[in-house]
Amino acid sequence: MPDVDYLSVRGVSKRFDAGNRAVTAIEDVSFDVPRGAFVSILGPSGCGKSTLFNIIAGLLSPSGGDVLLEGASIVGRAGQVGYMLQKDLLLPWRTIEDNITLGQTLRGVKKRKARANAAALMDRCGLTGFEKKKPHQLSGGMRQRAALMRTLLTGKEVLLLDEPFGALDAITRLQLQMTLIDIWQDMRKTILFVTHDVEEALLLSDEILVLTERPGRLRARLPVTLPRPRTPEMLSSPELMALKAQLMQLLLREVAES
Ligand code: ADP
Ligand code: MG
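The rules behind these values
- One numbering rule holds for all chains: residues counted from 1, following each sequence as written.
- Going through the entries in the order they are written, you letter the chains from A and number the ligands from 1.
- With the structure being a predicted model, the display of local features is reserved for residues of pLDDT at least 70 and the display and counting of side-chain atom pairs for 80 or more, all residues being used for whole-chain, interface and lining totals.
- Working from all heavy atoms in the structure, the side-chain values ignore hydrogens and water.
- Strands here are runs of E lasting at least two residues and helices are runs of H or I lasting at least four, both read from the DSSP assignment and numbered beginning at the N terminus.
- For this measure, only C-alpha atoms enter the radius of gyration; the expected value for a globule follows 2.2 Å times N^0.38, where N is the number of residues.
- Contact definition: two residues touch when any of their heavy atoms are within 4.5 Å.
- For the area figures, the Shrake-Rupley method with a 1.4 Å probe applies, and any residue is considered shielded solely by the protein chains shown.
- In this tally Asp and Glu are treated as negative and Lys and Arg as positive; neither His nor the chain ends contributes.
- Note that the charge is assigned to NZ on lysines, CZ on arginines, CG on aspartates and CD on glutamates.
- Two strands pair if DSSP finds at least two bridges between them.
- Note on geometry: axes are lines fitted to C-alpha atoms, helical ones only across the stretch in contact, with angles between N-to-C directions running from 0 to 180 degrees.
- Two rings from Phe, Tyr or Trp (for Trp, the six-membered ring) form a pair when their centres are within 6.5 Å of each other. A pair whose planes differ by under 30 degrees is stacked, one over 60 is edge-to-face, and the rest are tilted.
- In this scheme, a residue with accessible area under 20% of its type's maximum is buried, one over 50% is exposed, and one in between is partly exposed, where area comes from a 1.4 Å probe on protein chains only.
- Residues are labelled near a given molecule or strand when at least one of their non-hydrogen atoms is within 4 Å of it.
- We call two N or O atoms a polar contact when they sit within 3.5 Å, provided that within protein one can donate a hydrogen and the other can accept it, with sequence-adjacent residues counted only if both atoms are side-chain atoms.
- Each residue gets one label: Ala, Val, Leu, Ile, Met, Phe, Trp, Tyr, Cys and Pro are nonpolar, Asp, Glu, Lys and Arg are charged, and the others, such as Gly, are polar.

1. Brief notes about the overall build of the protein chain
Per the secondary structure count, the protein chain includes eight helices and 10 strands. Rg of the C-alpha trace for the protein chain: 18 Å, near the compact-globule value of 18 Å for 258 residues, within the 12% margin. Seen through its principal axes, the protein chain has C-alpha atoms that stretch 50 × 45 × 40 Å. Of all intrachain contacts in the protein chain linking residues separated by at least 6 positions in sequence, the fraction that spans at least 24 positions is 68%. As displayed, the protein chain offers around 12200 Å² of accessible surface, 52% of which is attributable to carbon and sulfur atoms. Taking the average location of the 34 positive side-chain charges in the protein chain and that of its 29 negative ones, the two points are 8 Å from each other.

2. Some thoughts on the sheet that holds strand β9 (residues 207-211)
As a general point, the strands of a sheet are linked pairwise by backbone hydrogen bonds and lie either parallel or antiparallel. Spatially, six strands are ordered β6-β7-β8-β3-β9-β10 in an open sheet, and the strand pairing comes out mixed. Looking at the sheet topology across the chains shown, the edges are occupied by β6 (82-84) and β10 (218-223). For this sheet, the mean angle separating the axes of adjacent strands, direction not counted, is 15 degrees. Pairing between strand β3 (residues 38-42) and strand β8 (residues 190-195): five bridges, direction parallel. Residue pairing for β8: F38 is matched across the bridge by I191. Strands in contact with helix α5 (residues 140-152) are β6 and β7 (158-162); relative to β6, the strand with the most contacts, it is inclined by about 170 degrees.

3. Describing the packing of aromatic side chains
According to the stated counting rule, one finds four aromatic pairs in the structure shown. Centre to centre, the rings of F38 and W184 are 5.4 Å apart; their planes meet at 90 degrees, and the pair counts as edge-to-face. Highlighted residues: F38 in strand β3 and W184 in helix α6 (residues 170-187), separated in sequence by 146 residues. W184 carries the same exposure label as F38, and that label is buried. Plain terms: the ring middles of F53 and Y83 are 6.1 Å apart, the flat faces sit at 80 degrees to each other, and that makes the pair edge-to-face.

4. What to know about the site of ligand 1
For ligand 1, the full set of nearby residues is F16, A25, S45, G46, C47, G48, K49, S50, T51 and R214. At 3.2 Å, a backbone N or O of C47 approaches an oxygen atom of ligand 1. The contact in question runs from an oxygen atom of ligand 1 to an N or O atom on the backbone of K49, over 2.8 Å. Coverage of ligand 1 by the protein chains reaches 61% of its 560 Å² of free accessible surface. Looking at the shell around ligand 1 residue by residue, the class counts come to three nonpolar, five polar and two charged.

5. Considering the environment of A167
By secondary structure assignment, the location of A167 is in the loop between β7 and α6. Sequence separation between A167 and Q144 is 23 residues; the distance between their C-alpha atoms is 9.1 Å.

6. A short note on the sheet that holds strand β5 (residues 72-73)
Here we have four strands laid out as an open sheet, ordered β2-β1-β4-β5, and antiparallel in their pairing. Whereas interior strands pair on both sides, the edge strands pair on one side only; in this sheet they are β2 (21-33) and β5. Strand direction decides the pairing type here: strand β4 (residues 64-69) and β5, joined by two bridges, are antiparallel. Across the sheet, the residue bridging to L69 is A72, located in β5. In the packing of helix α1 (residues 49-56) onto the sheet, the strands contacted are β1 (7-18), β2 and β4, and the crossing angle to β1 comes to about 115 degrees.

Shape is all these values report; function is a separate question.
Structure, rendered in structure tokens:
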């Protein structure tokens, strides 16, 4: 039987009390993610996507609700999932190699072993030859690649990726999208992916969750029925176009109603 409620978000809400004005960022959000799935979260800016990730990552307490991983609550427990923030957050004084292996060395893996683990992945992502460089010597795309590698190498089964490709040009973005789904399939990770790019969500995901304007609530769940492996050519396929029209309609209604 598939592990359908591997990760469960149950009735999660978050209210920020900012002085005399309180902001409800998300309200009563519930969904389940099967083990090994790639699920994207799409929603207008400011609807609480990063807040939801901070809660799942255990960095922020919800005002209500619970998050379960294999049946156990992970609320307030940091370090249960891998998390990549939109900003790459590489340590500027460390080499690319030392940045990528940081998660492993913090877990006590010996440097030499950590580097060996990283080498194959670096090769796959076109980072071979850049091991000894510092982050400022790399392009934005390469830094993003390195941050992604580091997240993949944290050893966590669940990865939260918050708009990881948001700042990249179209070609670099497409290359990285393809690399990511390749590696995801090989490593059998469960990925939650925030984006506001409809095509990106369609090309990568098994399912797309659409959130409403703030306070973010779950508006719709759209299974993406395109076959795998996904290819860039699918972006112009009739199936993808039809799903895109459906998604655009949901999102536009969202903006129109606000
Ligand atoms: P998204 O990632 O979807 O763009 P966020 O989760 O970053 O949205 O923010 C959702 C809302 O919550 C925004 O209105 C934001 O200003 C507010 N917010 C986020 N973090 C805080 C905080 N620490 N204190 C007060 N308000 C916050
Ligand atoms: Mg955000």
